[in-house]
Amino acid sequence: MQIIPLWAQAGLWGLVSGGALVIGAGVAYFIAVPQRIIAAIMAFGSGVLISALSFELMDEAYRTGGFTATAIGFLGGAAVYTLANWLLARQGAKHRKRSGGRQPSEQESSGSGMAIAVGALLDGIPESIVIGLSMLHSGAVSLVAVVAIFLSNIPEGLSSAAGMKKAGRHAGYIFGVWGGIAIVSGLAALTGYAVFKDFPPEVVSATTATAAGAILAMLVDTMIPEAFEEAHNFAGLITVAGFLAAFALSKLGG
């Protein structure tokens, strides 16, 4: 007998993974972390996510719904994310993952604070939906996906919050953004399970691939540039280490 319903479990796992954003933001706000360290952590987190979407998301999408549904979802997710990211960049959210002084203040770009918050939300939703989708087949969450998203969310919150602080944004804004996104992450994971549990495999496959495409586009547009800018001599090696760590986790978990 299950004590906690599956939909609630999905929400809790989404909240756990989203909570890593708050942890990262807290570290950045209270500790002066060198930018090269932030960039190195960002590179590692990028490698972790690339591995997870390769061996967990895309592979599962292909096995569930075949190549056509997977390809359509993957390209569609990347296209939708790219369009939304382009629109937000025009409103001041282009450098939302940067830890340096490249994020605009509200005085420099009116409305950029809201754009950055919406951009951060855009980055987090696809990852969280994946957690709920991972529970559809076995009734148990993919711990590999949760760990990979958790590990990648720490540098996301760390880098972005460092940039927010340097742009003069106050603690209420910084922790309000990341705390709110952590809650939305839980709701998105819950939705991923509750909404899609009765859908045909092709729809689940396309949705999983859509999330994977959005995540990969997010990595290239926001996380990898930050990693390369400060740790370019070692960014590739650190990213490979993150990829290998998640790959090993997927095999041990399997």
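From a predicted model like this one, the values you see are computed outputs, not experimental measurements. (Residues numbered from 1 in each chain as written. Predicted model: local features only at pLDDT ≥ 70, side-chain atom pairs only at ≥ 80, totals over all residues. Heavy atoms only, no water.)

Draft legend 1. Fine view of the pattern of salt bridges. The full count for this structure, using the stated rule, is three salt bridges. Across the pair Asp 59 and Arg 63 runs a salt bridge whose closest N-O atoms are separated by 3.2 Å. Note that Asp 59 and Arg 63 are positioned in helix H2 (residues 35-93) at a spacing of four residues, about one turn of the helix. A relative accessible area of 56% means that Arg 63 is categorised as exposed. Its salt-bridge partner being Lys 197, residue Asp 198 comes within 3.4 Å of it at the nearest N-O pair. We classify Asp 198 as exposed; its relative accessible area is 63%. Salt bridges sharing common partners tie together Asp 59, Glu 60 and Arg 63. (Salt bridge = Lys/Arg side-chain N within 4 Å of Asp/Glu carboxyl O. Helix = DSSP H or I, 4+ residues; strand = E, 2+ residues; numbered from the N terminus. Buried < 20%, exposed > 50% of the residue type's maximum accessible area, 1.4 Å probe, protein only.)

Draft legend 2. Quick peek at the packing of aromatic side chains. Summed over the entire model, instances satisfying the criterion amount to six aromatic pairs. With centroids separated by 5.1 Å and ring planes inclined at 80 degrees, the aromatic side chains of Tyr 29 and Phe 30 adopt a geometry described as edge-to-face. Three or more aromatic residues joined by ring pairs form one cluster here, namely Tyr 29, Phe 30 and Phe 175. Taking NZ or CZ as reference, Lys 165 lies 4.7 Å from the ring centre of Tyr 29, over its face. (Phe/Tyr/Trp six-rings, centres within 6.5 Å; stacked < 30°, edge-to-face > 60°. Lys NZ or Arg CZ within 6 Å of the ring centre and 35° of its normal.)

Interpretation note: all reported values are geometric properties and have no functional meaning in isolation.
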